[in-house]
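# Working through the structure, step by step
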Amino acid sequence: MSAGSQEESPNSGPTVLRILLGAQLRRLREGKGISREDAGYEIRASGSKISRMELGRVSFKERDVADLLSMYGVKDAAERDALLGLARQANNPGWWHHYGDILPPWFQSYLGLEAAASLIRTYEIQFVPGLLQTPEYARAVILRGHAGANADEIDRRVELRRQRQQILDRIEPPQLWAVIDEAVLRRPIGGPEVMRAQIEALIEAAKKPNVRLQIIPFNAGGHAAAGGPFAILRFPEPELPDVVYVEQLTSAIYLEKRDDVDHYAIAMERVCIDAEPPNHTQEILGKLLHEVGRLG
């Protein structure tokens with residue numbers, strides 16, 4: 001993406017660019033033995049602001065980045081230009097900024113990470129993963145959570161979900177590894193016809209080379225991730241850590257510390273073991289489709 005682009009496509013994300021720039025600024029600061037508080041003072045801010053910048057949690061003012069680079073002793077013109085260019089790119093709005101009025105900030109951050117991930121592993125116990133939902137199923141789910149919204153807002157939320165799904169069909173798509181509890185597929189969201197179309201869509205999705213889908217049957221009993229759904233995202237940039245995303249009713253938690261990520265990675269491995277193998281998925285979905293057909 002060029003520094004002059006005004007808006008990014010669904011296959012890139014300012015979130016990751018901010019994380020990359022923040023990580024480089026942190027390495028430069030630590031290399032000079034400068035505290036966060038002193039760096040904050042240099043740009044008329046606090047040490048906590050420096051911490052948020054280094055974690056990629058806030059946007060960057062180009063002047064602040066320039067002042068920090070001077071403080072950190074970065075004099076090489078090419079290196080300065082590269083980092084300042086990265087700051088400009090990181091401030092470009094994401095494709096989802098058109099939906100800013102209906103999106104909470106904590107979910108906008110997730111969209112940036114999702115768009116930039118090379119591997120998305122997700123575990124769901126309530127609904128079909130958003131990246132695999134049909135428009136009709138998505139509408140039924142959205143209506144449950146936003147019963148007071150007008151028709152235009154519901155339409156925009158459905159369209160937002162459709163745009164998210166474009167990452168699975170781009171030239172270099174991420175790998176999606178989804179584990180779904182059987183209860184998700186037996187919960188009649190939207191009625192039999194909507195569920196039938198959704199199961200058919202999952203059968204087609206499971207055929208894609210970049211989608212791995214597993215189902216945890218009822219007879220598996222309790223399992224390691226029974227506490228709730230979560231996602232683990234991995235990025236192509238080796239300097240970026242994996243991120244765990246845990247969504248709550250009115251907020252979300254992002255975990256990137258190694259111990260936290262390892263805890264969730266182990267839980268994900270266990271649910272994958274509890275689930276039926278991926279090569280059984282289409283057969284299971286076919287049986288469920290037959291059952292739903294009888295209900296309809």
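Residues numbered from 1 in each chain as written. Predicted model: local features only at pLDDT ≥ 70, side-chain atom pairs only at ≥ 80, totals over all residues. Heavy atoms only, no water.

For the chain, an unreviewed UniProt entry supplies the name Putative DNA-binding protein and the organism Actinoplanes friuliensis DSM 7358.

## With respect to the pairing of strand E6 (residues 252–255)
Each regular strand carries side chains that alternate between the two faces of the sheet. In this sheet, E6 lies alongside strand E5 (residues 243–247) in antiparallel orientation, the contact comprising 4 bridges. Among the inter-strand pairings, tyrosine 245 is bridged to a residue of E6, identified as tyrosine 254. The loop that links E5 with its antiparallel partner E6 comprises 4 residues. (Pairing = 2+ DSSP bridges. Helix = DSSP H or I, 4+ residues; strand = E, 2+ residues; numbered from the N terminus.)

## Quick word on the side chain of arginine 29
Along the chain, arginine 29 turns up in helix H1 (residues 14–31). On the basis of relative accessibility, which here comes to 5%, the residue arginine 29 falls in the buried class. (Buried < 20%, exposed > 50% of the residue type's maximum accessible area, 1.4 Å probe, protein only.)

## Points about the domain arrangement of the chain
By the assigned domains, the chain splits into domain 1 (14–91) and domain 2 (97–293). A separation of 34 Å is found between the C-alpha centroids of domain 1 and domain 2. At the junction of the two partners, domain 1 supplies 6 residues and domain 2 supplies 9 residues. When domain 1 packs against domain 2, close to 710 Å² is buried across both sides, 71% of that on carbon and sulfur atoms. Among the residues domain 1 hides against domain 2, the three largest losses belong to Thr15, Val16 and Leu20. Together they make up 57% of the total. At the boundary of domain 1 and domain 2, one finds 0 salt bridges. (Domains from an automatic or database assignment. Contact = heavy atoms within 4.5 Å. Buried area = accessible area lost by both parts, 1.4 Å probe. Salt bridge = Lys/Arg side-chain N within 4 Å of Asp/Glu carboxyl O.)

## Here's the deal with unusual backbone geometry
Within the chain, arginine 44 stands out as a residue other than glycine whose phi angle is a positive 60 degrees. Here arginine 44 shows up in the loop between helix H2 (36–42) and helix H3 (47–54).

## Examining the nonpolar core
Judged by nonpolar contacts, the single largest core of 50 residues is most densely connected at Leu132, Phe235 and Leu285. Each of two domains, domain 1 (14–91) and domain 2 (97–293), supplies a minimum of three residues to this core. When sequence neighbours within four positions are dropped, the list of residues in contact with phenylalanine 235 reads Val16, Leu113, Ala116, Ala117, Ser118, Leu240, Pro241 and Val243. If you look at the next biggest cluster of nonpolar residues, it comprises 20 residues, including Leu17, Leu21, Leu25 and Ala39. (Core = buried A, V, L, I, M, F, W, Y, C linked by side-chain atoms within 4.5 Å.)

## A few points about the sheet that holds E5
Pairing is mixed across the open sheet formed by 6 strands, whose spatial order is E3-E2-E1-E4-E5-E6. Two strands lie at the open edges of the sheet, namely strand E3 (211–216) and E6, each paired on one side alone. Recorded for the sheet is a direction-independent mean angle of 15 degrees between the axes of neighbouring strands. Looking at chain direction, strand E1 (residues 119–124) and strand E4 (residues 230–234) are connected through 5 bridges and run antiparallel. Each residue of the ladder has a partner; that of threonine 122, found in E4, is alanine 231. (Axes fitted to C-alpha atoms, helices over the stretch in contact; angles between N-to-C directions.)

## Description of the packing of aromatic side chains
Given two aromatic rings, their pairing is described by the distance between the two centres and the angle made by the two planes. Across all of its chains, the model carries 7 aromatic pairs by this definition. Judged by centre distance (6.0 Å) and plane angle (50 degrees), the ring pair of tyrosine 123 and phenylalanine 230 falls under tilted. Taken together, the residues span a long stretch of sequence, with tyrosine 123 in strand E1 and phenylalanine 230 in strand E4 at a distance of 107 residues. Each of the two residues, tyrosine 123 as well as phenylalanine 230, counts as buried. The ring of tryptophan 177 has arginine 121 sitting right over it, with the charged end atom 4.2 Å from the ring centre. (Phe/Tyr/Trp six-rings, centres within 6.5 Å; stacked < 30°, edge-to-face > 60°. Lys NZ or Arg CZ within 6 Å of the ring centre and 35° of its normal.)

## Details of the pattern of salt bridges
When the charged atoms of two side chains lie near each other, side chains of opposite charge can form a pair. Counted by the stated rule, this structure contains 19 salt bridges. One salt bridge in this structure joins lysine 208 and aspartate 169, with 2.9 Å as the shortest N-O distance. You can see lysine 208 sitting in the loop between helix H10 (192–205) and E3 and its partner aspartate 169 sitting in the loop between helix H8 (151–164) and strand E2 (175–181), a full 39 residues away along the chain. Taken together, the shared-partner salt bridges connect Arg29, Glu30, Arg36 and Glu54 into one network.

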